[in-house]
Amino acid sequence: VSVAAVNFKVTGSLAVRGPGAEGPEVLTAAPTFRWADDSSEDHYELRVFDALGNVVWEKLDVASPSGNRDLEVAYGGPALTPGMVYQFRAVSIKDGTPISRTEDLRGVFSLAE
């Protein structure tokens, strides 16, 4: 494979603002997910996973903000189970292709029991 034939670019991850920006976070109410804007995307996809890896809720059409602002999306899925551990993941999409995502170890949260 020639180097000229490969189109590959390494990008930084999307910064998680909350919940779970610095470590697992215990919440008292349904979360609002916040992360940094990528600034070169068409839209975002947001998914919430439970501790077993099941998708609990997803919003695949999160619009890009104007003015390079952080994104905020309120949880809109079924009731979350107190004590269960969850993680949200956001992916920026450009021309139908994922270009960046939140870090693997961020965005972890649970609801207080």
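Criteria and cut-off values
- Residues numbered from 1 in each chain as written.
- Predicted model: local features only at pLDDT ≥ 70, side-chain atom pairs only at ≥ 80, totals over all residues.
- Heavy atoms only, no water.
- Core = buried A, V, L, I, M, F, W, Y, C linked by side-chain atoms within 4.5 Å.
- Buried < 20%, exposed > 50% of the residue type's maximum accessible area, 1.4 Å probe, protein only.
- Helix = DSSP H or I, 4+ residues; strand = E, 2+ residues; numbered from the N terminus.
- Contact = heavy atoms within 4.5 Å.
- Salt bridge = Lys/Arg side-chain N within 4 Å of Asp/Glu carboxyl O.
- Pairing = 2+ DSSP bridges.

**Q** Can you explain the nonpolar core? Please cite residues and give values.
**A** Of all hydrophobic cores here, the largest spans 20 residues; its most connected members are Phe33, Trp35, Leu46 and Val48. Mapped by element, the contributors of at least two residues to this core are strand S3 (32–35), strand S4 (43–50), strand S5 (55–63), strand S6 (71–74), strand S7 (85–94) and strand S9 (108–111).

**Q** Requested: an account of the environment of glutamate 113, with residues and values cited.
**A** Structurally, glutamate 113 can be placed in the segment after S9. Not counting chain neighbours up to four residues away, the residues in contact with glutamate 113 comprise Pro82 and Gly83.

**Q** How would you summarise the pattern of salt bridges if you had to cite specific residues and measurements?
**A** This model, assessed by the stated rule, comprises five salt bridges. Across the pair aspartate 61 and lysine 59 runs a salt bridge whose closest N-O atoms are separated by 3.3 Å. Relative accessible area serves as the criterion here: at 54%, aspartate 61 is assigned to the exposed category. On the basis of relative accessible area, lysine 59 is assigned to the partly exposed category, the value being 31%.

**Q** Could you give me a rundown of the pairing of S3, with the residues and numbers involved?
**A** Across the two faces of S3 the burial differs, with Phe33 and Trp35 buried and Thr32 and Arg34 not buried at all. By the bridge criterion, four bridges tie S3 to S6 in an arrangement that is antiparallel. Within S6, the position partnered with arginine 34 by the bridge is glutamate 72.

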